[in-house]
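# Examination of the molecular architecture
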Amino acid sequence: MEKLDERSSTIKKVSIIGIVANLLLLIIKVIVGFMARSQAMIADALNSAGDIFASLMSYIGAKISSKPNDDDHPHGHGKAEYVFTQLISISMIVASVMMINSSIESIINKAHIEFSIWLIVVCIITILVKVLLYFYTKFKSRKYNSLLIQASMEDHRNDVFVTLGTIIGIISSYFGFYFIDGIVGILISCWIAYAGFNLFKSAYKVLMDTNIDEEKQQEIIKKVLEFKDILHVDSIISKPIGNKNIIILKVSMDGNMTINLSHDIAGKIKDDLINQFDYIYDVIIHINPH
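Throughout what follows, the structure given in this document is the object of discussion. This is a predicted model, so every value here is computed, not measured. (Residues numbered from 1 in each chain as written. Predicted model: local features only at pLDDT ≥ 70, side-chain atom pairs only at ≥ 80, totals over all residues. Heavy atoms only, no water.)

With that settled, consider the packing of helix H4 (residues 117-144) against helix H5 (residues 147-174). Running from amino to carboxyl end, H4 crosses H5 at an angle of 160°, the nearest separation of the two axes being 8 Å. On the basis of their axis angle, the class for H4 and H5 is roughly antiparallel. Judged by the twist between their axes, the crossing of H4 over H5 is left-handed. Residue classes in the contact of H4 with H5 are distributed as 14 nonpolar, eight polar and six charged. (Axes fitted to C-alpha atoms, helices over the stretch in contact; angles between N-to-C directions. Helix = DSSP H or I, 4+ residues; strand = E, 2+ residues; numbered from the N terminus. Parallel < 35°, antiparallel > 145°, perpendicular 65-115°, else oblique. Left-handed = near helix turned anticlockwise from the far one by under 90°. Nonpolar A, V, L, I, M, F, W, Y, C, P; charged D, E, K, R; others polar.)

Moving on to the sheet that holds strand S3 (residues 280-289). Pairing between the strands of a sheet comes from backbone hydrogen bonds, and it takes one of two forms, parallel or antiparallel. An order of S1-S2-S3 is seen for the three strands of this open sheet, with the pairing classed as mixed. Two strands close off the open sheet at either side, each with one partner strand: strand S1 (230-241) and S3. Along the sheet, successive strands turn relative to each other by an average axial angle of 20°, direction set aside. Relative to strand S2 (residues 244-253), S1 runs antiparallel, the two sharing ten bridges. Bridge pairing in S2 places Ser238 opposite Ile247. The strands touched by helix H8 (residues 259-276) are S1, S2 and S3; relative to S3, the strand with the most contacts, the crossing angle is about 150°. (Pairing = 2+ DSSP bridges. Contact = heavy atoms within 4.5 Å.)

With that settled, the discussion passes to the layout of surface pockets. Roughly 550 Å³ of volume is contained in the second largest pocket. Together, 20 residues line the second largest pocket, and Tyr82, Ser202, Val206, Lys216 and Asn245 are the ones closest to its centre. The set of elements that each furnish at least two residues to the lining of the second largest pocket consists of H5, helix H6 (179-207) and S2. When residues of the lining of the second largest pocket are assigned to their parent elements, the largest contribution, four residues, is made by H6. (1 Å grid on protein atoms, 1.4 Å probe; cavity = no way out; pocket = protein on both sides within 12 Å on 5 of 7 lines; lining within 4 Å. Points joined across faces, edges and corners; volume = space filled by probe spheres on them.)

The next thing to look at is empty space enclosed by the protein. As enumerated under the stated definition, the model contains three cavities of 30 Å³ or more in all. Taken as a whole, the largest cavity holds about 50 Å³ of empty space. Only helix H2 (39-65) and helix H3 (80-108) provide two or more residues apiece to the lining of the largest cavity. No other element matches H2, which puts four residues into the lining of the largest cavity. In terms of residue class, the lining of the largest cavity is built from four nonpolar, three polar and two charged.

Let's shift gears to the environment of Ile274. Here Ile274 is to be found in helix H8. Distance from Ile274 to Lys12, taken between C-alpha atoms, is 26 Å for residues 262 residues apart in sequence. Setting aside anything within four residues of it in sequence, one finds Ile274 in contact with Ile280, Tyr281, Asp282 and Val283.

A word on the pattern of salt bridges. Scanning the entire structure with this criterion turns up five salt bridges. Of the charged contacts, one joins Asp51 and Lys130 as a salt bridge, the two residues approaching to 3.3 Å between their closest N and O atoms. Placement of Asp51 in helix H2 and of Lys130 in helix H4 is noted, with a sequence separation of 79 residues between them. Look at Lys130 and you get buried, because its relative accessible area is 0%. Lys216 is the partner of Asp213 in a salt bridge, and the nearest nitrogen-oxygen pair spans 3.5 Å. Take Asp213: its relative accessible area is 39%, and that puts it in the partly exposed class. (Salt bridge = Lys/Arg side-chain N within 4 Å of Asp/Glu carboxyl O. Buried < 20%, exposed > 50% of the residue type's maximum accessible area, 1.4 Å probe, protein only.)

A few words now on the packing of aromatic side chains. According to the stated counting rule, one finds three aromatic pairs in the structure shown. Between the aromatic rings of Tyr134 and Phe135, the centroid separation amounts to 5.2 Å while the plane-to-plane angle is 70°, which identifies the pairing as edge-to-face. For Tyr134, a relative accessible area of 18% corresponds to the buried category. A ring pair is formed by Phe277 and Tyr279, whose centres lie 5.5 Å apart and whose planes are at 25°; its orientation type is stacked. With respect to class, Phe277 is no different from Tyr279; both count as buried. Here the guanidinium or amino end of Lys216 rests over the ring plane of Tyr279, the centre of that ring lying 5.2 Å away. (Phe/Tyr/Trp six-rings, centres within 6.5 Å; stacked < 30°, edge-to-face > 60°. Lys NZ or Arg CZ within 6 Å of the ring centre and 35° of its normal.)

The pairing of S2 with S3 spans nine bridges and is classified as parallel. Bridging from a neighbouring strand, Leu249 pairs with Ile285 of S3.

Here it is as structure tokens:
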């Protein structure tokens, strides 16, 4: 329970830092973007607005998922983290579609950018902030294995490249290639949509109870077969609950073995698996007599 509280507190802290940082960047980008009429900068500002919403959803998701189990939720509320992750991904996709439409209109209407050195300054500030946030969330993501923190980490990394694209659009417009700003706006929006789709897919796999990957299955089989009384591991099924899994094992044992002995062995296997692998929440073992 202590680890769960620490993990939840970390996700909330990461979310709050993300909200504050992106809010400041949003205000700066909106002011400079509209003053210069830069679609690339406005797209970048929209991206920051989406980041604020994403961080807010992360905070709410962490708050709900950290609730202890109860009669209605015997395995806790861990999947709330993935429900809110899907909300984040959908908002990213919707925002990107809107921005693509705006960028196409700017190309058709040959929108002119009022070049300002502040456009470049804002981009540099954004890159510096996002690089720092990326390394911070990368460290926390590895430590706590949270999809919400991982989404923040990937988002900060993507923002660095998105803002570099914004700089390209601004400089190109300065030299008279005004259509490039709109093209960069479209590319930024497509990048946001792609990131949103991948985020949705990752959460979907958990919510649809996708089985653990082959590597983890082999880890479990190897550990179980260390018990000499286990003749064969017949099947492994997992049920994701938050960032952990309930493992359902079917194993073959000597049919002449007493119930008490087979029960004791199954109990030891369960304890060993839970203690060794941090992605396992509980183990249910069915014994097939051989």
